[in-house]
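Observations on the three-dimensional arrangement
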Amino acid sequence: DLAIDLQGLLKSGLMVGISRGRRKVGMKGSREGARLFLKEPPVYVNYEQHAIDRYLDLAGALGCAGASRGGRIPVSTEDRIAVDRLLETCGLGERPIIAFNPMARWDTKLWYAERFAGLADRVKARFSCDVVLTGGPADVIYLDGILSKAGKGLVNLSGRTTLKELACLYDMTEALVTTDTGPMHIAAAMGCPVIALFGPTAPRRTGPYGAAHKVVTAEVDCAPCFRKKCNDRRCMDGITMDRVLSSVEEVLGRSVRSLYSPGSQGRQEAQEPENPERRYIYDH
């Protein structure tokens, strides 16, 4: 009976338009003519707040009073067993694990392979841990390039998990260092502390949601520009290995989570931040 357009673009509007929903609802501020597919006046929302809060505002306007964000992704015993076996196959699980997710769909969101490789070596030495690379099947070759530039002990797990297993893996890791991409939100949903590298996009809108995370940005006046292609990469160039390593140290220093052990239920659901205006900590 109800179709909701949360994206507000032509492709999402078309999906709502061809749906059989009796009510077709969206948010004010949509683009590309998406509003034409709605059957009700668009709901006003504040686009400067986090996307999750924006969606909760829309839910409230639809009568879902007191809606809150839990967000934890349910994983099965089979998912946990599969991840345990994968880690065992790779010789992992005896030491703490920190995950890196270097990929992103936009070229402008990417950090440098050499910096991820160097950071992996420094993280392994600093925390006596193992570092794993995560990504999809299409990312294997690129991540193998990072692997070739790093020392021993870095493991490429890209393309070797389902999405549920990836969520389970992040539930077992001490932290995730990532670009602005989907797996960042999966890790945040599982309560895994995230160190997110942001360049052309706005972390206040789409950063990792929760109190345990840290966003690292470069202090440049052109960001956020939301460009998928750009010849000036100051926003990512300005993020150094030293600053990311310092952010990892800070996040792990205030993390109260213990290393996952086989047979446990992983982390508990992440708690809502005490101050709703401070979802994460910035490092400019």
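For the structure itself, consult the block above.
Cut-offs used in this document
- Residues numbered from 1 in each chain as written.
- Predicted model: local features only at pLDDT ≥ 70, side-chain atom pairs only at ≥ 80, totals over all residues.
- Heavy atoms only, no water.
- Phe/Tyr/Trp six-rings, centres within 6.5 Å; stacked < 30°, edge-to-face > 60°.
- Helix = DSSP H or I, 4+ residues; strand = E, 2+ residues; numbered from the N terminus.
- Buried < 20%, exposed > 50% of the residue type's maximum accessible area, 1.4 Å probe, protein only.
- Lys NZ or Arg CZ within 6 Å of the ring centre and 35° of its normal.
- Pairing = 2+ DSSP bridges.
- Right-handed = clockwise from strand over helix to strand, strands pointing away.
- Expected span 1.5 Å × (residues − 1).
- Axes fitted to C-alpha atoms, helices over the stretch in contact; angles between N-to-C directions.
- Parallel < 35°, antiparallel > 145°, perpendicular 65-115°, else oblique.
- Left-handed = near helix turned anticlockwise from the far one by under 90°.
- Contact = heavy atoms within 4.5 Å.
- Nonpolar A, V, L, I, M, F, W, Y, C, P; charged D, E, K, R; others polar.
- Polar contact = N/O pair within 3.5 Å; in protein donor to acceptor, adjacent residues only side chain to side chain.
- Arc of directions from axis to C-beta.
- Core = buried A, V, L, I, M, F, W, Y, C linked by side-chain atoms within 4.5 Å.

Moving on, we come to the packing of aromatic side chains. Each pair of aromatic rings is reported with the distance of its centres and the angle of its planes. Summed over the entire model, instances satisfying the criterion amount to two aromatic pairs. A ring pair is formed by Phe100 and Phe116, whose centres lie 5.9 Å apart and whose planes are at 55°; its orientation type is tilted. Pair noted here: Phe100 is in strand 3 (residues 97–101) and Phe116 is in helix 4 (residues 113–127), with a separation of 16 residues, a long-range link. This pair shows no difference in class: Phe100 is buried, exactly as Phe116 is. With a centroid separation of 5.0 Å and an interplanar angle of 90°, the aromatic rings of Trp111 and Phe116 are classed as edge-to-face. Assessed through its relative accessible area of 2%, Trp111 is described here as buried. The structure contains a cluster of three or more aromatic residues connected by ring pairs, namely Phe100, Trp111 and Phe116. Just above the ring of Tyr112 sits the side chain of Arg233; from NZ or CZ to the centre is 5.2 Å.

We now examine the pairing of strand 2 (residues 23–26). Strand direction decides the pairing type here: strand 1 (residues 2–5) and strand 2, joined by four bridges, are parallel. Within strand 2, the position partnered with Leu2 by the bridge is Arg23. You can see the chain leave strand 1, run along helix 1 (residues 10–18) and come back into strand 2, and the turn it takes is right-handed.

Attention shifts here to helix 4. Its 15 residues place the ends of helix 4 21 Å apart at the C-alpha level, agreeing with the 21 Å of an ideal helix rising 1.5 Å per residue. Within helix 4, the full set of buried residues consists of Ala113, Phe116, Ala117, Gly118, Leu119, Ala120, Val123, Lys124 and Phe127. Backbone geometry just downstream of helix 4 places Ser128 in the positive-phi region, at approximately 50°.

In contact at an axis separation of 10 Å, helix 4 and helix 10 (residues 241–253) are set at 40° when each is read in the N-to-C sense. Regarding the angle of helix 4 to helix 10, the classification is oblique. Once helix 4 is placed against helix 10, the crossing between them reads as right-handed. Along the contact surface, helix 4 presents Arg115, Gly118, Leu119, Arg122, Val123, Arg126 and Phe127, while helix 10 presents Met241, Asp242, Val244, Leu245, Val248, Glu249 and Leu252. Per-class residue counts for the contact of helix 4 with helix 10 are eight nonpolar, one polar and five charged.

Time to look at unusual backbone geometry. Here Glu32, not a glycine, exhibits a phi torsion of approximately 60°, which is positive. Note on placement: Glu32 falls in the loop between strand 2 and helix 2 (51–61). Although it is not a glycine, Ser128 adopts a positive phi angle of roughly 50°. Residue position: Ser128 is located in the loop between helix 4 and strand 4 (130–133).

This next bit is on the side chain of Lys124. Turning to its location among the elements, Lys124 is positioned in helix 4. Judged by its relative accessible area of 10%, Lys124 is buried. Separated by 3.3 Å, the side chains of Lys124 and Asp121 make a polar contact. A polar contact of 2.4 Å, which involves the side chain of Lys124, links it to the backbone oxygen of Lys152.

So, about helix 1. Note: α-helices contain 3.6 residues per turn, so residues at a spacing of three or four share the same orientation. When we look at burial in helix 1, the residues that qualify are Ser12, Gly13 and Val16. Axial view of helix 1: buried residues confined to an arc of 100°, hence all on one face. Away from the buried face of helix 1 by more than 90 degrees, exposed residues Lys11, Met15 and Ile18 are located.

All right, on to the nonpolar core then. Judged by nonpolar contacts, the single largest core of 33 residues is most densely connected at Phe100, Val123 and Val244. Contributions of two or more residues to this core are made by strand 3, helix 4, strand 4, helix 5 (140–149), strand 6 (175–179), strand 7 (194–198), helix 9 (234–237) and helix 10. A total of seven residues in this core trace back to one element, the largest contributor, which is helix 4. Counting 26 residues, the second largest nonpolar core, distinct from the first, contains Ile97, Ala99, Val132 and Cys192.

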